[in-house]
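As a plain string of letters, each chain reads:
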Amino acid sequence: MSETAIEPDTQAQASSVRRAGGDPPLLYLDNVQRRYRQGDADLHVLNGIDLALWPGQSVALVAPSGAGKSTLLHIAGLLEHPDEGEVYIDGRATAILSDAERTRIRRLEIGFVYQFHRLLPEFSALENVMLPQMIRGLPRREAQKRATELLNYLGLGARLPHRPAEMSGGEQQRVAIARAVANAPRILLADEPTGNLDAHTAEHVFRVLSQLIRATGLAAIIATHNLDLAGRMDRRVTLREGRVVELA
Ligand code: ADP
Ligand code: MG
């Protein structure tokens, strides 16, 4: 268990999920609730999210625009706090942790991919993938070695010195994927990663992403509107009235 004290009741909940699934889930959203104030009313975007994710498992999150996918991913990735409920990472409750500790977990354990690549425009593909590693404290040479390997793996060996503006949409998104996994996180959260790409490019980026997930044993949640792509993940879930519903 963690060094941080966990309240007895939350500990009991975490261990009951552990019993249910054998191994503990790597990511567990327990009764997560999130409301936004809209005018005079509260909008209950997440209304008791229960979602457990085990290492090596990929989940497609398929739900219409406005259903709360991004909100769920932000909370799962410790970028936002839920109003109620708890996010466990590796059995460890995260609400009570300091901002510094949450940031540390996010840097080491969680990778994000967004719909728009969000690469730094002034830096090359190689540098964009090196930076998160150097922020973590890795020496430049090691960061460069891993970034080169990753970009090669993703079919971008010829693109190392190129800036984002010099690359195609699919290439930019593959660099963003390389950056997301640069620090070898155990959890990958992708928010409509192929939503901005044409069908053919989306297919290629998705194939590369799936291969990477399988090869690394990442646990991944991928929000997507693409049912064809979703069909190739291990599990599919949707959001109905702020709750997770498993799909076939
Ligand atoms: P999705 O990613 O599925 O499209 P979001 O999680 O972005 O959905 O948003 C879910 C709902 O919450 C939407 O109705 C959106 O307008 C609302 N929402 C999201 N963020 C905020 C915010 N910061 N303030 C108020 N409402 C928000
Ligand atoms: Mg969204």
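Check the entry above for the structure.
Residues numbered from 1 in each chain as written. Chains lettered and ligands numbered in written order. Predicted model: local features only at pLDDT ≥ 70, side-chain atom pairs only at ≥ 80, totals over all residues. Heavy atoms only, no water.

Peer 1: Explanation requested: the site of ligand 1 in the structure shown.
Peer 2: Around ligand 1 sit Tyr36, Gln38, Leu43, Val45, Pro64, Ser65, Gly66, Ala67, Gly68, Lys69, Ser70 and Thr71, and that is every residue in its neighbourhood. Here an oxygen atom of ligand 1 sits 2.7 Å away from a polar atom, N or O, in the main chain of Gly66. Isolated, ligand 1 exposes 560 Å² of accessible area, and the fraction of that covered by the protein chains is 63%. Sorting the residues of the shell around ligand 1 by element identifies strand S1 (27-38), strand S2 (41-53) and helix H2 (69-76) as the ones contributing at least two each. Broken down by element, the shell around ligand 1 gets its largest block of residues, 3 residues, from H2. Of the residues in the shell around ligand 1, the class split is 5 nonpolar, 6 polar and 1 charged. (Near = heavy atom within 4 Å. Polar contact = N/O pair within 3.5 Å; in protein donor to acceptor, adjacent residues only side chain to side chain. Areas by Shrake-Rupley, 256 points an atom, 1.4 Å probe, with all protein chains shown as cover. Helix = DSSP H or I, 4+ residues; strand = E, 2+ residues; numbered from the N terminus. Nonpolar A, V, L, I, M, F, W, Y, C, P; charged D, E, K, R; others polar.)

Peer 1: Looking at this structure, I do not really get the packing of helix H4 (residues 125-136) against helix H5 (residues 140-153). What am I missing?
Peer 2: Packed helices, taken two at a time, are described by the angle between their axes plus the distance between the axes. Their axes nearest at 8 Å, the elements H4 and H5 cross at an angle of 130°. Between H4 and H5, the angle is such that the two are oblique. Considering how the two elements wind past one another, H4 and H5 form a crossing that is right-handed. For the pair H4 and H5, contact is made by Ala125, Leu126, Val129, Met130, Gln133 and Met134 and by Arg140, Glu142, Ala143, Gln144, Arg146, Ala147, Thr148, Leu150 and Leu151, respectively. For the contact of H4 with H5, the per-class residue count stands at 9 nonpolar, 3 polar and 3 charged. (Axes fitted to C-alpha atoms, helices over the stretch in contact; angles between N-to-C directions. Parallel < 35°, antiparallel > 145°, perpendicular 65-115°, else oblique. Left-handed = near helix turned anticlockwise from the far one by under 90°. Contact = heavy atoms within 4.5 Å.)

Peer 1: Please explain the sheet that holds strand S4 (residues 84-89) as it appears in this structure.
Peer 2: What links the strands of a sheet is backbone hydrogen bonding, and the strands pair in either a parallel or an antiparallel sense. If you walk across this open sheet you meet the 4 strands as S2-S1-S4-S5, and the pairing is antiparallel. Because the sheet does not close on itself, it has two edges, and the strands there are S2 and strand S5 (92-93). As defined by bridge partners, S4 adjoins S5 across 2 bridges and the pair is classed as antiparallel. In the sheet register, Ile89 faces S5, and the bridge partner there is Arg92. Relative to S1, H2 is tilted by about 125°, and along the sheet it contacts S1, S2 and S4. (Pairing = 2+ DSSP bridges.)

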